[in-house]
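The residues making up each chain are set out below.
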Amino acid sequence: MPMYGDLGNKLVQHAKRTQNLTHLPPYQTELVRTVAREVRDLERDVTSMLEPFQGSFDPSAEQATACTLLVNHLSMRRDKRCLLAYHRTRTDKLEELVWNGYDILDLSGQQQAGGANGATGMNEGGTTSSLSPQEEDYVRQYGDLLAAYKGHWTDIDLTGSLEPPRDLFIDVRVLKDAGEIQTEYGAINLTKNSQFYVRQGDVERLIAQGYLQKLG
Amino acid sequence: MDIDDILREVDPTFHSVPREKRDLQDLTRAWVAERSAPELLPWPAGGLFERINDRIKRQIEKVEEMTGDMDPKTNFVLIVIQTELERFKFLVRSYLRARIAKIDRHTLHYLSTDDLRARLSEMELAYATRHQALLHNHYLSSFLSSFPPSLQNLNDTSGNITMIDAPDLDAAVFIRLLEDTVVQGRGVDADGEMDGRESDIVILRWSDAKPLVEAGRAELV
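Please read all numbers here as calculations on a predicted model, not as lab measurements. (Residues numbered from 1 in each chain as written. Chains lettered and ligands numbered in written order. Predicted model: local features only at pLDDT ≥ 70, side-chain atom pairs only at ≥ 80, totals over all residues. Heavy atoms only, no water.)

**Re the overall build of chain A**
To keep things clear, this is the line we draw: What counts as a helix is a DSSP run of H or I of at least four residues, what counts as a strand is a run of E of at least two, and both are numbered from the N terminus. Relative accessible area decides the class of each residue, using a 1.4 Å probe on protein chains only: under 20% of the type maximum gives buried, over 50% gives exposed, and in between gives partly exposed. Between two residues, a contact is recorded if the distance between any of their heavy atoms is within 4.5 Å.
Within chain A, the regular secondary structure consists of 6 helices and 5 strands. The buried share of chain A, taken over its 216 residues, is 36%. Here the analysis covers contacts within chain A between residues at least 6 apart in sequence; of these, 65% occur between residues at least 24 apart.

Shown next, in the form of C-alpha cells:
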C-alpha cells in the first residue's frame, strides 16, 4: 500500500525535473487528481474519527487517536505543499516563456512538436498540448497583465535584451526567412543565409525569436 | 518649496552638478543597489522616473527629427545620441526587471503590510495584486477548490510554519563606505565591529548594512 505523501513526492520530482528543461513536460492531470483525492480522503478520516467524541476530544486521554490525527493532519499539509510547488514551478516556467515573447499559440505549437519527439504520454484524453486548460487560461491572463504593465513603459521595451548594450550596430546572419523589416535607414529584406549590419534595437525581437543570429 | 529645497539652494555642491547628471547618477545607483540587495528597495521618490521617462521621450523625438538630415556631421551626432539612449533604456529596463523578479518571488510578503506595500510604485502594486490573484485563481481551479475549506488558504501561518516566503535579509552584500564610520556586523559566534574609512569596501549581512545604506553613509556595489 502506498504511503501518504508518496504521490506528492512524485509531483515534486516532476517539478524538479521541469526546472532544468527548456520545454514544459505534459501536465500530470492524473497525479494531481490523485493527490487532491488523498487530501479529501484524509480529511474524511479525520472527521469520522472525531465524530464519536462530539467535540470533546482530549488528546492526552486518547493518545493513539491523537497520533493518527496528527499524521493525517501533517500528510494533508504536505500534499498541499507538493501541489503548490508543482503548480508554481510550472507557472514560473510559463511566465518566463511569456516574457520571452511566446504567446499561447506558440506554446501549444511547441508542445505538439515536443509530443512528436516521444514525450511521455502520461496526459490522458489524447490532447497534444502539455498545458492543462487552467494553465492555458493562466498564460492568456498573465500575457494581458504583462502587456498592461509594459504599456506604462512603451519607450523602454521591458522585454528587450538584458545584456548591456555595447554597440549600436551589430552584424547579424539570417537563419530563417523573416520577410521585410522597416528601419529608419529604409527597408531590409531578410532572406535566409544573408548577412546584415543593422541597428540592434531594430532586430532584437527577431533575434529572440530565433530568426536572426548575432555575430561577433 | 519646502525646507529641503531651501537648504539645497544654499548648498554649494548643489549647483555644480546639473540635474540631468544627478538623475543619471541616481538611476545608476538605484540600479546597482537594486541588483545587489536581497530585498526590494523603496521606489525612488521625487519623480526621478518621470523625469527620466520624459528625457527618453525627448531624445527619441530628437533622433526622429535628425534622421531626415543626411549631413555626415549630424549622422555622427545621431549615433552618439542613439548609443546613449540605448544605454539609458537598458538601465531603466534592467532596473525594472530586477524589481519585478523580486516582487514575483515574494509577492505575498510584499503585499502583507503597508510598510512593504509602500516600497512598490503604483504600477508595481497593481501588477503584484493582479498577479497574486491570477495565481490564486489558478491554484483554485487546478486543485485547491476540491480541498476542505480549512486547507484552502495560501497565507496560513499556523504551526510556526508560515506559508509566506520572505527574502533572506541576512544574505551577504558588498558595500562601499561613503564616509568614515563604524561598521558593526553580527557573526555566527561573536559580533564584530570595525572603524571604516571612506571608500573602504566591506562584505557583511544586508541586515547589518541596511542602516548604513539608508543613512547615506554607504552604497551597495
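**Focus: the UniProt feature "domain: DNA replication complex GINS protein SLD5 C-terminal" (unreviewed entry) in chain B**
Note the threshold: UniProt positions are given in the numbering used here, feature names are shortened, and annotations may be inferred rather than shown by experiment.
UniProt annotation of "domain: DNA replication complex GINS protein SLD5 C-terminal" (unreviewed entry) refers to residues 167-221 of chain B when read in the numbering used here. Helix and strand shares over residues 167-221 of chain B are 16% and 44% respectively, and the end C-alpha atoms of the span are 19 Å apart.

**Observations regarding the interface of chain A and chain B**
Interface size, as often reported, equals the accessible area lost upon joining of the parts. Quick reminder of the rule: Note on definitions: buried area is the accessible-area loss of two parts on being combined, 1.4 Å probe, summed for both. In what follows, salt bridge is the name for a side-chain nitrogen of Lys or Arg lying within 4 Å of a carboxyl oxygen of Asp or Glu.
Taken residue by residue, the interface counts 43 residues in chain A and 45 residues in chain B. For the chain A and chain B pair, buried surface summed over both sides reaches about 4400 Å², with 66% attributable to carbon and sulfur atoms. On the chain A side of the contact with chain B, K80, Y149 and D155 of chain A bury the most area, a combined 16% of that side's loss. Here chain A is connected to chain B by 0 salt bridges. Mapped onto the side of chain A that touches chain B, the elements with two or more residues apiece are α2 (29-50), α3 (63-99) and α5 (133-151) of chain A.

**As for the side chain of R119 of chain B**
Residues and elements named next belong to chain B. Here is the rule we go by: Nitrogen and oxygen atoms within 3.5 Å of one another constitute a polar contact, given that in protein one can donate a hydrogen and the other can accept it, and given that sequence-neighbouring residues count only through two side-chain atoms.
Here R119 lies in the loop between α6 (114-117) and α7 (122-142). The class for R119 is buried, based on a relative accessible area of 14%. Within the structure, the side chain of R119 is placed 2.9 Å from the side chain of E39, a separation counted as a polar contact. At 2.7 Å, the side chain of R119 forms a polar contact with the backbone oxygen of L40. Residues contacting R119, with those up to four places away along its chain left out, are E39, L40, L41, P42, W43, R99 and K210.

**Some points on helix α8 (residues 206-214) of chain B**
Residue and element names in this part refer to chain B. Inclusion rule: By definition, the arc is the one covered by directions from the helix axis to the C-beta atoms.
Taken as a whole, α8 has its buried residues at W206, D208, A209 and L212. Projection of α8 onto a plane perpendicular to its axis shows the buried side chains occupying an angular sector of 150 degrees, all on one side. For α8, the elements touching its buried residues are β1 (172-177), β2 (181-185), β4 (201-205) and β5 (218-220). With its phi angle positive at about 80 degrees, G216 sits one or two positions after the end of α8.

**Observations concerning unusual backbone geometry**
A positive phi is found at N193 of chain A, a non-glycine position, where the angle reads about 70 degrees. As for its position among the elements, N193 of chain A is in the loop between β3 (186-190) and β4 (195-199).

**Focus on the nonpolar core**
Basically, it comes down to this: For this analysis, a nonpolar core means a set of buried residues of the types Ala, Val, Leu, Ile, Met, Phe, Trp, Tyr and Cys, connected via side-chain atoms within 4.5 Å.
Within the largest apolar cluster, 58 residues are counted, with the highest numbers of intra-cluster contacts made by Y142 and W153 of chain A together with F49, V92, L96, F143 and F147 of chain B. Of all the secondary-structure elements, those providing two or more residues to this core are α1 (6-19), α2, α3 and α5 of chain A together with α2 (19-36), α3 (48-67), α4 (72-105) and α7 of chain B. It is α4 of chain B that provides the largest number of residues to this core, a total of 10 residues. Not counting residues within four places of it along the chain, the set of residues in contact with Y142 of chain A comprises E95, V98 and W99 of chain A together with D104, Y127, H131 and L134 of chain B. Within the second largest apolar cluster, 14 residues are counted, among which are A33, A37, L177 and A209 of chain B.

**Some details on the packing of aromatic side chains**
Note the following rule: Paired rings are identified among Phe, Tyr and Trp, the last through its six-membered ring, by centres lying within 6.5 Å, and are further divided according to the angle between planes into stacked (under 30 degrees), edge-to-face (over 60) and tilted (the rest).
Scanning the entire structure with this criterion turns up 9 aromatic pairs over all chains. Both rings, one in Y138 of chain A and one in Y142 of chain A, keep their centres 6.2 Å apart while their planes meet at 15 degrees; by these two values the pair is stacked. Taken together, the positions of Y138 of chain A and Y142 of chain A, both in helix α5 and 4 residues apart, correspond to about one turn of that helix. Classification of Y138 of chain A by relative accessible area gives buried; the value is 1%. Aromatic side chains W31 of chain B and F90 of chain B sit 5.8 Å apart centroid to centroid with 75 degrees between the ring planes, which places their arrangement in the edge-to-face category. Here W31 of chain B is found in helix α2, whereas its partner F90 of chain B is found in helix α4, with 59 residues between them in sequence. Residue W31 of chain B shares its accessibility class with F90 of chain B, and that shared class is buried. Through a chain of ring-to-ring contacts, three or more aromatic side chains come together here, namely Y138, Y142 and Y149 of chain A together with Y127 of chain B.

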